[in-house]
Structures are given as C-alpha cells and as structure tokens.
Amino acid sequence: MQRGLVFAIGQVSAFGNEITQQAAKFEGFENAIKFTSGEDGAKNIQFLNKTVKDLNLDITSSYSGFQTTVWFFKRNFFRRSSQQEIFLKALV
C-alpha cells in the first residue's frame, strides 16, 4: 500500500514538473516573439493564438515556427503584415 502511495505521489510530482517546464517553454516563446516583434508583439501573439485555434495546429510547432519567421523577417526588414501572410502561406 505504501509503495503504491509513494509511486502515485511521484507520478503527480513528475506531472507537475512537466507542466512547469511546458509553461516556461511557452513563456520563452512568447517573450522571444514579443521582443523580436517590438511594438507588434501582442498583435503577433494574438494572431498566432487565433491561427493555432482556427486551424487546429500543434501549438509547440506553431510557436517555434512563428518565432523563427518573425526573427527572419525582422532581420530582413519585413512589415508585420508580410510576416503573418507568409506564415499562413507556409502552413498550406
């Protein structure tokens, strides 16, 4: 009985750690997108969340891909609207 309880507590603890790690990962994605996007950061996060929901996309891949896209376009002086249009076209 005690072994089962210890195992269950260990599993709950591992699950809690996984949630914490995932939350930190997404916070990192959001911070990077906001930083790279400058004043358009909140708009880009809103756009990304809506796109992920509307198209039922994998959120981790979408955040990672969009982060890379925003960084590339920022580096090459593209407008925000171009970033979003090209990201959507890449999904198709």
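Note: the structure precedes this text.
What counts and how
Residues numbered from 1 in each chain as written. Predicted model: local features only at pLDDT ≥ 70, side-chain atom pairs only at ≥ 80, totals over all residues. Heavy atoms only, no water. Phe/Tyr/Trp six-rings, centres within 6.5 Å; stacked < 30°, edge-to-face > 60°. Helix = DSSP H or I, 4+ residues; strand = E, 2+ residues; numbered from the N terminus. Buried < 20%, exposed > 50% of the residue type's maximum accessible area, 1.4 Å probe, protein only. Core = buried A, V, L, I, M, F, W, Y, C linked by side-chain atoms within 4.5 Å. Contact = heavy atoms within 4.5 Å. Expected span 1.5 Å × (residues − 1). Arc of directions from axis to C-beta.

A. The packing of aromatic side chains, seen in detail. Across all of its chains, the model carries two aromatic pairs by this definition. On the basis of an interplanar angle of 50° and a centroid distance of 6.1 Å, the ring pair of Phe29 and Tyr63 is categorised as tilted. Taken together, the positions of Phe29 in helix α1 (residues 2-37) and Tyr63 in helix α3 (residues 59-75) put the pair 34 residues apart, joining distant regions of the chain. Plain terms: the ring middles of Phe47 and Phe66 are 5.7 Å apart, the flat faces sit at 45° to each other, and that makes the pair tilted. Pair noted here: Phe47 is in helix α2 (residues 41-55) and Phe66 is in helix α3, with a separation of 19 residues, a long-range link. Comparing Phe47 with Phe66, the two get one shared label, buried.

B. Spatial organisation of unusual backbone geometry. Of note in the backbone geometry, Asn56 takes a positive phi value of approximately 55° without being a glycine. Here Asn56 lies in the loop between α2 and α3. Among the residues examined, Asn56 registers a relative accessible area of 71% and is labelled exposed.

C. Structural detail: the nonpolar core. Listed in full, the eleven residues of the largest apolar core are Phe26, Phe29, Ile33, Ile45, Phe47, Leu48, Val52, Tyr63, Phe66, Val70 and Phe87. Contributions of two or more residues to this core are made by α1, α2 and α3. Top contributing element to this core by residue count: α2, with four residues. Not counting residues up to four positions away in its chain, the partners in contact with Leu48 are Ile33, Ser62, Tyr63, Phe66 and Phe87.

D. A look at α2. Counted at 1.5 Å a residue, the expected span for α2 with its 15 residues is 21 Å, and the 21 Å between its end C-alpha atoms agrees. Along α2, the positions that sit buried rather than exposed are Gly41, Asn44, Ile45, Phe47, Leu48, Thr51 and Val52. An end-on view of α2 places all buried positions within 160° of arc, on one side of the element. Opposite its buried face, α2 presents the exposed residues Ala42, Gln46, Lys50, Lys53 and Asp54, each directed more than 90 degrees away. Directly beyond the C-terminal end of α2, a positive phi value near 55° is found at Asn56.

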